[in-house]
Structures are given as C-alpha cells and as structure tokens.
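Working through the structure, step by step
One-letter residues, chain by chain:
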Amino acid sequence: MYKEQMPDEVLGRINRKENVVILDVREQDEWESGHIPGARHIPLGQIARALNEMDQQQETIVVCRSGNRSGQACDFLSSMGYYVLNMPGGMSKWTGEIAYGK
C-alpha cells in the first residue's frame with residue numbers, strides 16, 4: 001500500500017528544498033509538453049525495466065496527468081518494496097513551475 005500527497009503539498013516540499021524525488025510516468029509527448037523541473041521520466045510501460053535506476057529506500061513521488069497511471073505505478077512499485085507516494089490530480093492540478101522539452 002502507498003500514501004498520497006496532494007500537488008500543493010509536493011510543491012511546498014520542493015519550495016522548502018526538501019530532498020524530493022519525483023518520477024513522471026507519462027508518455028514522451030506529455031513529458032515534453034510540461035513537467036516538474038528536476039523530475040525523472042520513466043513512462044509507465046517501462047517501469048519494470050527501469051527498477052535498477054531507482055533507489056528502493058528513497059521516497060519517490062509518482063506523477064502522471066491525473067493520478068491514474070501514477071497510482072498503477074505506485075501499486076507496482078510498492079509491491080516490489082519501493083517507498084512511493086502517488087500525487088492525485090497529477091499535472092492537471094500542478095500549480096508550480098513547469099519545464100518543457102526533453
């Protein structure tokens with residue numbers, strides 16, 4: 001099971017300079033059209049292949065457009081022993097800074 005953290009709470013943590021790892025699981029075109037600066041990008045379909053690129057102990061906030069795909073990623077990652085949080089509302093509710101491009 002995993003916890004959730006709302007977009008405004010995540011933004012607050014970033015603004016407080018907390019060590020926050022954000023994983024964006026959207027597709028490439030969605031990522032390029034706007035993502036949280038400093039986030040990592042691993043599309044949902046590639047998560048299983050990328051497990052070795054992630055730190056199991058590091059709290060990771062998982063993001064997508066609305067919270068559905070990130071919830072699926074959290075289900076999978078938490079079942080594998082990763083410490084993950086879902087961000088419900090996803091990028092559609094994000095009010096913080098946005099980076100564009102690859």
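Right above here is the structure, for reference.
All values reported here derive from a predicted model rather than from experimental measurement. (Residues numbered from 1 in each chain as written. Predicted model: local features only at pLDDT ≥ 70, side-chain atom pairs only at ≥ 80, totals over all residues. Heavy atoms only, no water.)

**Things to note about the sheet that holds strand 3 (residues 40–41)**
Strand pairing in a sheet relies on backbone hydrogen bonds, with the paired strands running either antiparallel or parallel. Pairing in this open sheet of five strands is parallel, and the strands run 1-5-4-2-3 from one edge to the other. In this open sheet, the two strands that pair with only one neighbour each are strand 1 (3–4) and strand 3. With two bridges joining them, strand 1 and strand 5 (residues 84–86) adopt parallel strand pairing. Across the sheet, the residue bridging to Glu-4 is Asn-86, located in strand 5. Packing against the sheet, helix 3 (residues 68–79) makes contact with strand 2 (21–24), strand 4 (60–63) and strand 5, and its axis sits at approximately 160° to strand 5. (Pairing = 2+ DSSP bridges. Helix = DSSP H or I, 4+ residues; strand = E, 2+ residues; numbered from the N terminus. Contact = heavy atoms within 4.5 Å. Axes fitted to C-alpha atoms, helices over the stretch in contact; angles between N-to-C directions.)

**So, the pattern of salt bridges**
In the structure shown here, the tally under the stated rule is seven salt bridges. Glu-18 is the salt-bridge partner of Arg-16, the closest N and O atoms lying 3.0 Å from each other. We classify Arg-16 as exposed; its relative accessible area is 55%. Classification of Glu-18 by relative accessible area gives partly exposed; the value is 34%. Between Glu-32 and Lys-102 there is a salt bridge, and its shortest N-O distance comes to 3.0 Å. Here the residue Glu-32 occupies a position in helix 2 (residues 28–32), and Lys-102 occupies one in the segment after strand 5, the gap between them amounting to 70 residues. Among the residues examined, Glu-32 registers a relative accessible area of 27% and is labelled partly exposed. (Salt bridge = Lys/Arg side-chain N within 4 Å of Asp/Glu carboxyl O. Buried < 20%, exposed > 50% of the residue type's maximum accessible area, 1.4 Å probe, protein only.)

**So, the pairing of strand 4**
Side chains of strand 4 alternate between two faces, with Thr-60 and Val-62 and Ile-61 and Val-63 buried alike. Pairing analysis gives three bridges linking strand 4 to strand 5, with the strands arranged parallel. Within the sheet, the bridge partner assigned to Val-62 lies in strand 5 and is Asn-86. After leaving strand 4, the chain enters helix 3 and then returns to the sheet as strand 5, a path that is right-handed. (Right-handed = clockwise from strand over helix to strand, strands pointing away.)

**Considerations on the pairing of strand 2**
Relative to strand 4, strand 2 runs parallel, the two sharing four bridges. For Leu-23, the partnering residue across the bridge sits in strand 4 and is Val-62. Where strand 2 and strand 3 come together, two bridges link them in parallel fashion. Bridging across to strand 3, Leu-23 finds its partner in Arg-40.

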